[in-house]
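Structure assessment
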Amino acid sequence: MPRSLLLRLALAATLPMLAGAAVLPVRAAIAQPGPIELFFETPYLAKLPNGTQLSYDYAHTTARKDLGDSFDEKMQLTLTPAADDASKQMAKVDIRRGNADQGAGPFPALSNPLTLVLMEREAKEITDLSKGSPFYIRNRLRTALGEATVEPASFDYDGKSVAGWKMSMVPFAQDPHKQQLAEIINRRYEFLFSDAVPGGLYAIRVVTPPADGGANLIETKLTLIDGAASSPAK
């Protein structure tokens, strides 16, 4: 799929240190991907059969009520045949918070759409907190994704250490509207990807530290907890 189309999909659907992540020395034998390739263009889901279900824990924690509610969710990504062409795959996302269910998609089964679900939420939350323009916030996040840092990393998954990539960014650190964004300018994003985990995306962590360096004002974590591929759907 062309890059421009993938970027449009990201906008339409519309982040530092994860516990256990460690930077590894660069190995010449492994080509380091750029952030756009890692986030949008790597077809992680294309390797999985129809019927595959990937389960993620999502935890959102705030330090104060004026920053919104804290909550936990379960997110499940399911691969199914496309309704109009059974030879193609689609991915749908089911989200459960307590007894409430909602969903996202369907998305083409290429890159992992959980990244887009999270970034859509980020754009909305930052817009609500800053009272800024949603178009400006989305454009700044999109630009930051293309400028993010990518480093080799290792982390524990399913009882073993796996090699992958850590993608990091601080989208608003140099933003000219610092006064309006307030402490959001310090918000940090980290993504962990690896071909060794089903669906490619292992975890995302987003933290908003206060200006005084104390405990995080807001913290969001998305972590893969069950990625066993099921039998192909019939």
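Going by the structure above, here's the rest.
Here the structure is a predicted model, which is why all the values come from computation and not from measurement.

**Remarks on the packing of aromatic side chains**
Taken as a whole and assessed by the stated rule, the structure comprises seven aromatic pairs. Centre to centre, the rings of Phe-39 and Phe-40 are 4.7 Å apart; their planes meet at 70 degrees, and the pair counts as edge-to-face. The pair Phe-39 / Phe-40 is uniform in exposure class, with both members buried. Between the aromatic rings of Tyr-58 and Phe-71, the centroid separation amounts to 6.0 Å while the plane-to-plane angle is 15 degrees, which identifies the pairing as stacked. Residue Tyr-58 is located in strand β2 (residues 53–62), and its partner Phe-71 is located in strand β3 (residues 71–82); the two are separated by 13 residues in the primary sequence. Seen from the ring of Phe-71, Arg-97 lies directly overhead, with NZ or CZ sitting 3.6 Å from the centre. Over the ring of Tyr-58 we find Arg-121, and its NZ or CZ is 4.6 Å from the ring centre.

**A closer look at the nonpolar core**
Membership of the largest hydrophobic core comes to 56 residues, with the highest contact counts inside it found for Phe-39, Met-167 and Phe-191. It is helix α3 (residues 114–130) that provides the largest number of residues to this core, a total of seven residues. Residues within four places of Met-167 in sequence aside, it is in contact with Pro-35, Leu-38, Phe-39, Leu-145, Ala-148, Thr-149, Val-150, Tyr-189, Glu-190, Phe-191 and Phe-193.

**Section: the pairing of strand β7 (residues 160–169)**
Within β7, seven of the 10 residues are buried, leaving the element largely enclosed by the surrounding structure. Across nine bridges, the pairing between strand β6 (residues 149–157) and β7 is antiparallel. Residue Ala-153 lies in a different strand from β7, and its bridge partner there is Gly-164. Joining the antiparallel neighbours β6 and β7 is a turn of two residues, in which Asp-158 adopts a positive phi near 55 degrees. In this structure, β7 lies alongside strand β8 (residues 188–193), joined through five bridges in antiparallel fashion. Opposite Lys-166, over in β8, you have Leu-192 as the bridge partner.

**Quick notes on unusual backbone geometry**
In this structure, Lys-131 is a non-glycine residue whose phi angle is positive, near 60 degrees. By the secondary structure assignment, Lys-131 is in the loop between α3 and α4 (134–147). Its identity is not glycine, yet Ala-182 carries a phi of approximately 55 degrees, on the positive side. Within the secondary structure layout, Ala-182 lies in the loop between α5 (178–181) and β8. On the accessibility criterion, Ala-182 (45% relative accessible area) is partly exposed.

**What to know about the pattern of salt bridges**
Tallying each qualifying case throughout the model produces 12 salt bridges. For Arg-97, the salt bridge goes to Glu-73, with nearest N and O atoms at 2.9 Å. With a gap of 24 residues between them, Arg-97 in strand β4 (residues 85–97) and Glu-73 in strand β3 connect regions that are remote in the sequence. Exposure remark for Glu-73: the relative accessible area of 4% places this residue in the buried category. Salt-bridge contacts for Glu-73 lead to Arg-121; the nearest nitrogen and oxygen are separated by 2.7 Å. Of this pair, Glu-73 sits in strand β3 while Arg-121 is found in helix α3, placing the two residues 48 residues apart along the sequence. Of the two residues, Glu-73 and Arg-121, both sit in the buried class. What emerges from the salt-bridge pattern is a single network uniting Glu-73, Arg-97 and Arg-121.

**Focus: the side chain of Thr-208**
Counting through the fold element by element, Thr-208 comes out in strand β9 (residues 201–208). Here the side chain of Thr-208 touches Arg-187 through a polar contact of 2.6 Å, side chain to side chain. Discounting residues that sit within four places of it in the chain, Thr-208 has contacts with Glu-183, Ile-184, Arg-187, Asn-216, Leu-217 and Ile-218.

**Re the environment of Glu-37**
Its location among the elements puts Glu-37 in helix α2 (residues 35–41). The exposure class assigned to Glu-37 is partly exposed, which follows from its relative accessible area of 39%. The spacing of Glu-37 and Gly-146 is 109 residues in sequence and 9.2 Å in space, taken between C-alpha atoms.

**Details of the pairing of strand β10 (residues 218–226)**
Bridge count for β2 against β10 is eight bridges, and the pairing is antiparallel. Opposite Thr-62, over in β10, you have Ile-218 as the bridge partner. Of the strand pairs in this sheet, β9 and β10 are connected by six bridges, and their pairing is antiparallel. Bridging from a neighbouring strand, Val-206 pairs with Thr-220 of β10.

Reading the values: the criteria
- Residues numbered from 1 in each chain as written.
- Predicted model: local features only at pLDDT ≥ 70, side-chain atom pairs only at ≥ 80, totals over all residues.
- Heavy atoms only, no water.
- Phe/Tyr/Trp six-rings, centres within 6.5 Å; stacked < 30°, edge-to-face > 60°.
- Buried < 20%, exposed > 50% of the residue type's maximum accessible area, 1.4 Å probe, protein only.
- Helix = DSSP H or I, 4+ residues; strand = E, 2+ residues; numbered from the N terminus.
- Lys NZ or Arg CZ within 6 Å of the ring centre and 35° of its normal.
- Core = buried A, V, L, I, M, F, W, Y, C linked by side-chain atoms within 4.5 Å.
- Contact = heavy atoms within 4.5 Å.
- Pairing = 2+ DSSP bridges.
- Salt bridge = Lys/Arg side-chain N within 4 Å of Asp/Glu carboxyl O.
- Polar contact = N/O pair within 3.5 Å; in protein donor to acceptor, adjacent residues only side chain to side chain.

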